[in-house]
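Here is what each chain is made of, one letter per residue.
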Amino acid sequence: PGAIFGRDFRVVQRIAAGGMGTVYEAEQLSTGKRRALKIMHAQYEGDDRTRLRFIQEAQATAAVESDHIVEMVAAGVEEESNTPWIAMELLQGRDMKAALAERGTFTRAEVAEMFRQLCHGLGGAHREGLVHRDLKPENIFLADPRREGIPFTVKLLDFGLAKLVQESSTQG
């Protein structure tokens, strides 16, 4: 906490860790806005293929036009450490796994709303030729809604294992 990363982000606290990186809550100094900052694990710094996948995650996800995909704000490589990073919108709420553990079940109407929003996000990804490949409750986030009339906004997270359909078909 307190460290400045990428010259524009002050780390507030650790949120989660995944296979390719750790996600922190950070303050974007240039805007004053809170963001989620994903920093690639140091163990992959010398692995060019993993570095490329990490950066492609930001680029591919940013191309998807859907309110149900986590918004990419910026991405880059931190000069001092040569570490790739991705800045995303900071979500309030909980992932589906935590929500299920907390409440046990959802109503039929809630499930229908989840699937409606999830399909919108996946449809947007598929139109860009992007396949998620790691769809699980931990990667489906139920964000607090920003508009009236809906109980949550589904946000699809972690396209780190995503594959472009064209790339997948040429590699077999």
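These figures come from a predicted structure and were not determined experimentally.

S.K.: Before we go on, may I ask you to explain the pairing of strand β2 (residues 9-17) in this structure?
M.R.: One face of the sheet, then the other: side chains in a regular strand alternate in exactly this way. Relative to β2, strand β1 (residues 4-5) runs antiparallel, the two sharing two bridges. Looking across to β2, one finds that Ile4 is bridged to Arg10. Between β1 and β2, which pair antiparallel and follow one another directly, the connecting turn spans three residues, one of which, Gly6, has a positive phi of 60°. Where β2 meets strand β3 (residues 21-28), seven bridges bridge the pair, whose relative direction is antiparallel.

S.K.: Would you mind showing me how to read the nonpolar core here?
M.R.: Note on soluble globular proteins: their nonpolar side chains tend to be buried together. In terms of nonpolar packing, the biggest core is built from 16 residues, with Met114, Leu118, Ile140, Leu142, Val154 and Leu156 touching the most fellow members. The contact partners of Leu118, leaving out residues within four places of it in the chain, are Leu135, Ile140, Val154 and Leu156. Judged by nonpolar contacts, the second largest core, of 15 residues, contains Ala36, Met72, Ile86 and Phe141.

S.K.: What's the story with the pairing of β3 in this structure? I'm lost.
M.R.: For β3, the buried fraction is high: six of the eight residues fall into the buried class. Between the end of β2 and the start of β3, which pair antiparallel, lie three residues. In this structure, β3 lies alongside strand β4 (residues 34-40), joined through seven bridges in antiparallel fashion. Considered in β4, the bridge of Tyr24 is made with Leu37. Connecting β3 to the antiparallel partner β4 that follows it, the hairpin turn spans five residues, and Gly32 within it adopts a positive phi of roughly 80°.

S.K.: Got a minute to help me understand the side chain of Glu25 in this structure?
M.R.: Mapping Glu25 onto the fold places it in strand β3. What makes Glu25 buried here is its relative accessible area of 14%. Within the structure, Glu25 has its side chain in polar contact with the side chain of Arg34 (distance 2.8 Å).

S.K.: Just checking my understanding: could you explain the pattern of salt bridges for this structure?
M.R.: Pairs can form between side chains of opposite charge whenever their charged atoms are close. Applying the stated criterion across every chain, the model contains ten salt bridges. Here Lys155 ties to Glu89 by a salt bridge, and the two come within 2.9 Å at their closest N and O atoms. Placement of Lys155 in strand β10 (residues 153-156) and of Glu89 in strand β6 (residues 83-89) is noted, with a sequence separation of 66 residues between them. The two residues Lys155 and Glu89 agree in class, both being buried. For the salt bridge of Glu113 with Arg116, the shortest nitrogen-to-oxygen distance reads 2.5 Å. With Glu113 and Arg116 both in helix α3 (residues 108-127) and three residues apart, the pair spans about one turn of that helix. Here the salt bridges share partners, and the residues they tie into one network are Glu89, Arg146 and Lys155.

S.K.: Can you help me understand the layout of surface pockets in this one?
M.R.: Where empty space is left can be seen by rolling a probe of water-molecule size over the atoms. There is about 790 Å³ of room inside the largest pocket. Among the elements of the structure, β2, β3, β4, α1 (48-62), β6 and β7 (93-95) are those that each provide at least two residues to the lining of the largest pocket. The leading source of residues in the lining of the largest pocket is β2, at five residues. Tallied by class, the residues present in the lining of the largest pocket amount to 15 nonpolar, nine polar and twelve charged. Space inside the second largest pocket adds up to approximately 420 Å³.

Conventions and cut-offs
- Residue positions are counted from 1 within each chain, in the order its sequence is given.
- For this predicted model, a pLDDT threshold of at least 70 governs which residues receive local features, and a threshold of 80 or more governs which side-chain atom pairs are given and counted, while totals over whole chains, interfaces and linings are taken from all residues.
- Side-chain metrics in this entry use all non-hydrogen atoms of the structure; hydrogen atoms and water are not considered.
- The criterion for strand pairing is that DSSP finds at least two bridges linking the strands in question.
- Helix and strand definitions here come from DSSP, where helices need a minimum of 4 consecutive H or I residues and strands a minimum of 2 consecutive E residues; each element is numbered from the N-terminal end.
- Only buried residues count toward a nonpolar core. Its members are Ala, Val, Leu, Ile, Met, Phe, Trp, Tyr and Cys residues joined through side-chain atoms within 4.5 Å.
- Type-normalised accessible area, obtained with a 1.4 Å probe on protein chains alone, sets the label of each residue: buried when under 20%, exposed when over 50%, and partly exposed for intermediate values.
- Here, two residues are considered to be in contact whenever any of their heavy atoms come within 4.5 Å of each other.
- Contacts described as polar in this section are N or O atom pairs within 3.5 Å, which, within protein, must combine one atom able to donate a hydrogen with one able to accept it, while residues neighboring in sequence count only if both atoms come from side chains.
- Counted as salt bridges are all cases of a side-chain nitrogen of Lys or Arg within 4 Å of a carboxyl oxygen of Asp or Glu.
- With a 1 Å grid spanning the protein atoms alone, the term cavity applies to any set of points in which a 1.4 Å probe fits but cannot get out, the term pocket to an open set with protein on both sides within 12 Å along at least five of seven lines, and the term lining residue to any residue with an atom within 4 Å of a point.
- Grid points are joined across faces, edges and corners, and a volume is the space filled by probe spheres set on the points.
- Only Asp, Glu, Lys and Arg are considered charged, only Ala, Val, Leu, Ile, Met, Phe, Trp, Tyr, Cys and Pro nonpolar, and every remaining residue, Gly among them, polar.

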